[in-house]
Amino acid sequence: MPSVIYAPNDNQIMDALIKSDILKCQERKNLLLVFTDYNLENLLTSTLEKSRIPYESLKTRNDYNTIKSAQKKSKIVIGYIDFAGGLEFDNVYIVGFDTGRVPPVDTSMSVDFFTHIWYRKIYVAFTRAKKRLLIYSNITHGEHPFLSEALKMKLVEKKDL
């Protein structure tokens with residue numbers, strides 16, 4: 001069953017991520033870390049580098065060369081949510097599924113249309129996981145309505161930090 005971990009800030013999300021058992025050498029070669037905001041990318045990469053956890057970044061959608069290289073070297077694959085489509089991993093961690101980031105604020109489109117686009121992105125990211133899906137959410141601005149509803153319907157389970 002997919003799980004959600006709530007944290008009061010992005011730094012605690014990174015701490016929880018680093019403490020995760022899945023980052024151990026054997027299991028990380030089939031792990032995709034999806035970030036929902038480019039501001040999170042910098043925090044994520046610096047956290048991985050400080051912890052000496054090797055990774056490779058997806059550059060585009062269907063970036064199979066990066067995936068092959070990462071798996072050969074037992075590296076984690078990280079990528080922006082738009083690059084997750086068409087890929088499959090045993091384990092997918094989504095970082096930054098929170099109010100204000102999903103969907104981000106964009107006044108150039110209708111709110112309903114933009115929300116629809118983002119829920120399609122989330123659906124694609126969720127369905128990349130073959131075995132385990134873990135969602136990290138910053139609850140500073142409140143629980144995301146999508147996650148709240150999923151918890152109520154028992155579609156995801158809440159994990160403690």
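The structure we're discussing is the one just above.
First, a word on scope: everything that follows refers to the structure included in this document. (Residues numbered from 1 in each chain as written. Predicted model: local features only at pLDDT ≥ 70, side-chain atom pairs only at ≥ 80, totals over all residues. Heavy atoms only, no water.)

Here's the deal with the nonpolar core
Among the nonpolar cores identified, the biggest contains 49 residues, and Leu 33 and Tyr 136 are the most heavily contacted of them. Aside from chain neighbours lying at most four places away, what touches Tyr 136 is Ile 5, Ile 13, Ala 16, Leu 17, Ser 20, Tyr 93, Ile 94, Val 95, Gly 96, Phe 97 and Asp 98. (Core = buried A, V, L, I, M, F, W, Y, C linked by side-chain atoms within 4.5 Å. Buried < 20%, exposed > 50% of the residue type's maximum accessible area, 1.4 Å probe, protein only. Contact = heavy atoms within 4.5 Å.)

Section: the pattern of salt bridges
Scanning the entire structure with this criterion turns up 8 salt bridges. The salt bridge partner of Lys 121 is Asp 82, with a shortest N-O separation of 3.0 Å. Placement of Lys 121 in helix α4 (residues 111-126) and of Asp 82 in the loop between β4 (76-80) and β5 (89-95) is noted, with a sequence separation of 39 residues between them. Note on Asp 82: relative accessible area 31%, which makes it partly exposed. Across the pair Glu 157 and Lys 159 runs a salt bridge, and its minimum N-O distance is 3.7 Å. The class of Glu 157 is partly exposed, set by a relative accessible area of 32%. When salt bridges that share partners are traced, they join Asp 10, Asp 98 and Arg 101 into one network. (Salt bridge = Lys/Arg side-chain N within 4 Å of Asp/Glu carboxyl O. Helix = DSSP H or I, 4+ residues; strand = E, 2+ residues; numbered from the N terminus.)

Focus on helix α3 (residues 64-72)
Within α3, the full set of buried residues consists of Thr 66, Ile 67 and Ala 70. Summarising the axial view, the buried residues of α3 lie within an arc of 100 degrees, below the 170-degree limit, and thus occupy one face. Seen from the open side of α3, the exposed residues pointing more than 90 degrees away from its buried face are Asn 65, Lys 68 and Lys 72. In this fold, the buried residues of α3 make contact with β3 (55-57), β4 and β5. (Arc of directions from axis to C-beta.)

Concerning the environment of Asn 65
When you line up the elements, Asn 65 lands in helix α3. For the pair Asn 65 and Glu 149, spaced 84 residues apart in the sequence, the C-alpha separation amounts to 37 Å.

Points about the pairing of β5
Buried residues dominate β5, accounting for 7 of its 7 residues. In the sheet, strand β2 (residues 31-35) pairs with β5 via 5 bridges, with the strands oriented parallel. Across the sheet, Leu 31 pairs through a bridge with Asn 91, a residue of β5. Sheet analysis places β5 next to strand β6 (residues 129-138), joined by 6 bridges and oriented parallel. If you follow Val 95 over to β6, its bridge partner there is Tyr 136. (Pairing = 2+ DSSP bridges.)

Focus on the sheet that holds β3
Taken together, the 7 strands give an open sheet; going across it, the order is β3-β4-β2-β5-β6-β1-β7, and neighbouring strands pair in parallel fashion. At either margin of the open sheet sits one strand with a lone partner, and together these are β3 and β7 (157-159). Taken pair by pair, the neighbouring strands of this sheet meet at an average axis angle of 25 degrees, ignoring direction. With 3 bridges connecting them, β3 and β4 associate as parallel partners. In the strand pairing of β4, Ser 57 is matched with Ile 78. Lying on the sheet, helix α2 (residues 38-50) is in contact with β2, β3, β4 and β5; it crosses β2 at an angle near 140 degrees. The sheet strands contacting α3 are β3, β4 and β5, and the helix crosses β3 at an angle near 180 degrees. (Axes fitted to C-alpha atoms, helices over the stretch in contact; angles between N-to-C directions.)

Brief notes about the packing of helix α1 (residues 10-19) against α2
It is the contact of α1 with α2, at a shortest axis distance of 10 Å, that shows an interaxial angle of 40 degrees. By the criterion of interaxial angle, the relationship of α1 to α2 is oblique. Here the hand of the crossing between α1 and α2 comes out right-handed. Along its contact with α1, which presents Asp 10, Asn 11, Met 14, Leu 17 and Ile 18, the element α2 presents Leu 40, Leu 43, Leu 44, Thr 47 and Leu 48. Here the residues of the contact of α1 with α2 sort into 7 nonpolar, 2 polar and 1 charged. (Parallel < 35°, antiparallel > 145°, perpendicular 65-115°, else oblique. Left-handed = near helix turned anticlockwise from the far one by under 90°. Nonpolar A, V, L, I, M, F, W, Y, C, P; charged D, E, K, R; others polar.)

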